[in-house]
There are 2 protein chains.
Amino acid sequence: MSQLDAIDTAILKVIQQHGRISNAELAERIGLSPSACSRRLDILEKSGVVTGYHARVSAKALDYKMIAIVHISLSGQFAKTLTEFEAAVKLCPNVLVCYLMSGEYDYILRVAAKDLEDYERIHRDWLSALPHVVKINSSFALREVIDRPNVGI
Amino acid sequence: MSQLDAIDTAILKVIQQHGRISNAELAERIGLSPSACSRRLDILEKSGVVTGYHARVSAKALDYKMIAIVHISLSGQFAKTLTEFEAAVKLCPNVLVCYLMSGEYDYILRVAAKDLEDYERIHRDWLSALPHVVKINSSFALREVIDRPNVGI
DNA sequence: AGCCGCTTTGCAAGGACATTGCGCGCATCC
DNA sequence: GGATGCGCGCAATGTCCTTGCAAAGCGGCT
């Protein structure tokens, strides 16, 4: 991928916030002809700068009213241990985010649940069943203050 | 908003993963005529079930190579304290996510930075400057294992 | 300075697409 | 049983996306 110029950055800034904007309106906003804009966007997509488009669905419309932050420690940091854990955690659809971390815990997870009972099920059937786990620490989000799709550029 | 039926759910499932899909292809995937599909999607958007569409931009294409998870404790839980902290944290463009939490820390943040030097700047100019903060604990993500845009439905 | 090649732009055309009105089928309720 | 409302498919029209093509900007080189 070549370097991004000011026009590319402007395109990215718009489509981050308005992913389903028409090419015509996008072109107008950034001051370019629709054809040039379409070609630039095409390059951004094919070169992997734009990795996808996603609709954001109201969590409570789907009855997901709870967010838990889960800190997990494993029994070791061997590559095999990490690989097996990660393969297993990827299968749980309720895990939205998972990072391998520095610091006190090995992994940090963001988990969506419909309610406390649902979370208890997830904890029992999924999280506790993950391999090599020696400690699980769940905290619950009381309120979402910020949830940006991307860093403001 | 009325209840979501199986077709609505199917639509949501597709557009969560393919936010820029054409209405024609969406209709074909879920087995509906384009007109009916367009009308359903319109209802889902106007009723607030679909809250927006966003392009996902490769973080490293923008040179954001670091993700920090920051735990923050405040000096108290008075409403005024929380409100002032939240107003301030919302201004920092590097803070992608912020939750008010139960548990040991009051807030948990996901912060994007270009590199360690950039994070040092964010920490100094933004995080340390947030009002009522008494403790900041930063951990760094070594690797992103999962980052789903939405819960799998 | 002038030339040349590369890149990117704007324009135009044709083909696809989104949207809206309309009539029909189906279920519900009186 | 008839009326009513809801959601569907079909068709048409206006918009939009895309691609070919020529010209303009830009940098390097002589």
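Residues numbered from 1 in each chain as written. Chains lettered and ligands numbered in written order. Predicted model: local features only at pLDDT ≥ 70, side-chain atom pairs only at ≥ 80, totals over all residues. Heavy atoms only, no water.

Draft legend 1. Quick peek at the relation of the copies chain A and chain B. Structural alignment of chain A on chain B gives an RMSD of 0.1 Å, achieved by rotating through 180 degrees and translating 0.0 Å along the axis. Taken together, the rotation angle and the small translation identify this as a two-fold axis. When the interface residues of chain A are mapped onto chain B, 100% of them are again interface residues, pointing to one common binding face. (Least-squares fit on C-alpha atoms with pLDDT ≥ 70 in both. Contact = heavy atoms within 4.5 Å.)

Draft legend 2. Region of interest: the interface of chain A and chain B. Contact with chain A, which involves 63 residues of that partner, is made by 63 residues of chain B. When chain A packs against chain B, close to 5,800 Å² is buried across both sides, 58% of that on carbon and sulfur atoms. The three residues of chain A that bury the most area against chain B are R20, H54 and Y99 of chain A, which together make up 15% of that side's buried surface. At nine residues, strand β5 (residues 133-147) of chain A tops the list of elements feeding residues into the side of chain A that touches chain B. Across the side of chain A that touches chain B, the residue classes break down as 37 nonpolar, 17 polar and nine charged. One ladder, built from five bridges, connects β5 of chain A with strand β3 (residues 95-101) of chain B; its direction is antiparallel. (Buried area = accessible area lost by both parts, 1.4 Å probe. Helix = DSSP H or I, 4+ residues; strand = E, 2+ residues; numbered from the N terminus. Nonpolar A, V, L, I, M, F, W, Y, C, P; charged D, E, K, R; others polar. Pairing = 2+ DSSP bridges.)

Draft legend 3. Region of interest: the protein's contact with DNA strand D. Surrounding DNA strand D, one finds S22, N23, A24, S35, S38 and R39 of chain A together with L32, S33, S35, A36, R39 and R40 of chain B. Taking the atoms of DNA strand D that fall within 4 Å of the protein, sugar and phosphate contribute 56% of them. Interatomic distance of 2.9 Å between a side-chain N/O atom of S38 of chain A and a phosphate oxygen of DNA strand D. Within the contact set of DNA strand D, a phosphate oxygen lies 2.7 Å away from a side-chain nitrogen or oxygen of R40 of chain B. Those elements giving two or more residues to the surface near DNA strand D turn out to be α2 (23-30) and α3 (34-46) of chain A together with α3 (34-46) of chain B. Take the surface near DNA strand D: its biggest share by element is four residues, from α3 of chain B. The residue inventory of the surface near DNA strand D, partitioned by class, reads three nonpolar, six polar and three charged. (Near = heavy atom within 4 Å. Polar contact = N/O pair within 3.5 Å; in protein donor to acceptor, adjacent residues only side chain to side chain.)

Draft legend 4. The protein's contact with DNA strand C, seen in detail. As a matter of local geometry, DNA strand C sits amid L32, S33, S35, A36, R39 and R40 of chain A together with S22, N23, A24, S35, S38 and R39 of chain B. For DNA strand C, the fraction of protein-proximal atoms (within 4 Å) that sit in sugar or phosphate groups is 48%. At a separation of 2.8 Å, a base oxygen of DNA strand C approaches a polar side-chain atom of R39 of chain A. Within the contact set of DNA strand C, a phosphate oxygen lies 2.9 Å away from a side-chain nitrogen or oxygen of S38 of chain B. Counting residues per element, the ones that place at least two in the surface near DNA strand C are α3 of chain A together with α2 (23-30) and α3 of chain B. At four residues, α3 of chain A tops the list of elements feeding residues into the surface near DNA strand C. Considered class by class, the residues forming the surface near DNA strand C number three nonpolar, six polar and three charged.

Draft legend 5. Highlighting the side chain of N94 of chain A. Take N94 of chain A: it is sitting in the loop between α4 (79-89) and β3 (95-101). Of the residues examined, N94 of chain A reaches a relative accessible area of 5% and is grouped as buried. In terms of polar contacts, N94 of chain A uses its side chain to reach the backbone carbonyl oxygen of A112 of chain A, at 2.8 Å. Contacts of N94 of chain A, omitting those with residues within four sequence positions, involve Y64, R110, V111, A112, D118, R121 and I122 of chain A together with V151 of chain B. (Buried < 20%, exposed > 50% of the residue type's maximum accessible area, 1.4 Å probe, protein only.)

Draft legend 6. Layout of the packing of α2 of chain B against α3 of chain B. All names here are of chain B. In the contact formed by α2 and α3, the axes pass within 8 Å of each other and the chain directions differ by 100 degrees. By the criterion of interaxial angle, the relationship of α2 to α3 is roughly perpendicular. Facing N23, L26, A27 and I30 of α2, the residues of α3 in contact are P34, C37, S38 and L41. Broken down by class, the residue content of the contact of α2 with α3 amounts to six nonpolar, two polar and no charged. (Axes fitted to C-alpha atoms, helices over the stretch in contact; angles between N-to-C directions. Parallel < 35°, antiparallel > 145°, perpendicular 65-115°, else oblique.)

Draft legend 7. Structural detail: the domain arrangement of chain A. Each assigned domain of chain A is listed with its residue range as follows: domain 1 (6-46) and domain 2 (66-140). When each unit is reduced to the centre of its C-alpha atoms, the spacing between domain 1 of chain A and domain 2 of chain A is 38 Å. (Domains from an automatic or database assignment.)

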